[in-house]
Amino acid sequence: MDAVAPALETIDTIPILIAPHAMLKTRARPVQSVDQDTVRALLPRMFATMYRAPGIGLAGPQVGQLLRVIAIDLMPDNHPNPMSLINPEIVAQSEELATREEGCLSLPGMYAEVTRPARVKVRYLDQTGARREIQADGLLAACLQHEIDHLDGILFVDHLSPLKRNMIMRKLAKEQRQKVGGR
Ligand code: NI
């Protein structure tokens, strides 16, 4: 899997959708065998897009693909460690909660503390179609939950109070307007 990263420099990126966008609020459908070629072409482009952003996770809906596909790379010790998750499902989660600051490539520049289960067990198919299961805690647990949320049309701001969420969405809208106006 390490071999994926260097070749990515030659791969076209995909524009990342910015909130609020209807696709970011839409539930993605499970990948089926007929989607095999689509997903095989999509994953390298998702990794290229994510690395260039840069970010540590990217879900299909963020690049306009309503398929249950996720790219994650936490870059441990600055080394690429790409994880492709197809049809991921949280099959167990801890009662213990953990709070950490989250951001999102679809809400550039916005950050907030989000509370989620501290540990999760996730079942998924990898890029070869093999069934896998992972137990995660810390940053990976939060990242997995954040990305799986995207597949259900949920953004990290949806975990905040309406007041806080509206504040962030207004700030984002203002910054996006300024960005467009400045061109
Ligand atoms: Ni996100």
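Above: the structure in question.
Predicted model, so just to flag it, every value in this text is computed and none were measured.

Peer 1: Looking at this model, I keep getting lost on the environment of Pro61. Mind explaining?
Peer 2: Mapped onto the elements, Pro61 comes out in the loop between β1 (57–59) and β2 (69–72). When its relative accessible area of 0% is taken as the criterion, Pro61 is described as buried. Residues Pro61 and Met23, 38 residues apart in the sequence, show an inter-C-alpha distance of 6.1 Å. With near-sequence residues (within four places) excluded, Pro61 lies in contact with Leu17, Met23, Leu24, Ala28, Leu66, Leu67, His150 and Leu151.

Peer 1: Just to check I follow, could you spell out the pattern of salt bridges for this structure?
Peer 2: Close approach of charged atoms lets side chains of opposite charge pair. Across all of its chains, the model carries 11 salt bridges by this definition. Note that Asp35 and Arg29 form a salt bridge whose closest N and O atoms lie 2.9 Å from each other. Taking the shortest distance from any N to any O, the salt bridge between Lys121 and Glu133 comes out at 3.8 Å. Here Lys121 is found in strand β6 (residues 120–125), whereas its partner Glu133 is found in strand β7 (residues 131–136), with 12 residues between them in sequence. For Glu133, a relative accessible area of 43% puts it in the partly exposed group. Put simply, Arg27, Arg68 and Asp152 are held in one network by salt bridges that share partners.

Peer 1: How should I be thinking about the coordination of the nickel ion in this particular structure?
Peer 2: By definition of the ideal shapes, four donors in a tetrahedron about a metal sit 109.5 degrees apart, and six donors in an octahedron sit 90 or 180 degrees apart. The coordination sphere of the nickel ion contains the protein donors Cys104 (SG), His146 (NE2) and His150 (NE2), at a distance range of 2.1 to 2.3 Å. Here the donor residues of the nickel ion share one chain and are spaced in sequence as C-x41-H-x3-H. Residue Cys104 is found in the loop between β4 (97–102) and β5 (112–117), and its partner His146 is found in helix α3 (residues 138–151); the two are separated by 42 residues along the sequence.

Peer 1: Looking at this structure, I do not really get the nonpolar core. What am I missing?
Peer 2: One broad rule of soluble globular proteins: the nonpolar side chains tend to lie buried together. If you look at the biggest cluster of nonpolar residues, it comprises 17 residues, and the most contacted ones within it are Ile72, Leu85, Val122 and Leu144. If you list the elements that add at least two residues to this core, you get β2, β3 (83–93), β6, β7 and α3. Broken down by element, the residue count for this core peaks at 6 residues, all from α3. Leaving out residues up to four positions away in the same chain, Ile72 has contacts with Phe47, Met50, Ile56, Gly57, Asn81, Pro82, Met83, Leu85, Leu140, Cys143, Leu144 and Glu147.

What counts as what
Residues numbered from 1 in each chain as written. Predicted model: local features only at pLDDT ≥ 70, side-chain atom pairs only at ≥ 80, totals over all residues. Heavy atoms only, no water. Helix = DSSP H or I, 4+ residues; strand = E, 2+ residues; numbered from the N terminus. Buried < 20%, exposed > 50% of the residue type's maximum accessible area, 1.4 Å probe, protein only. Contact = heavy atoms within 4.5 Å. Salt bridge = Lys/Arg side-chain N within 4 Å of Asp/Glu carboxyl O. Donors = N, O, S within 2.8 Å, 3.2 Å for Na, K, Ca; no water. Core = buried A, V, L, I, M, F, W, Y, C linked by side-chain atoms within 4.5 Å.

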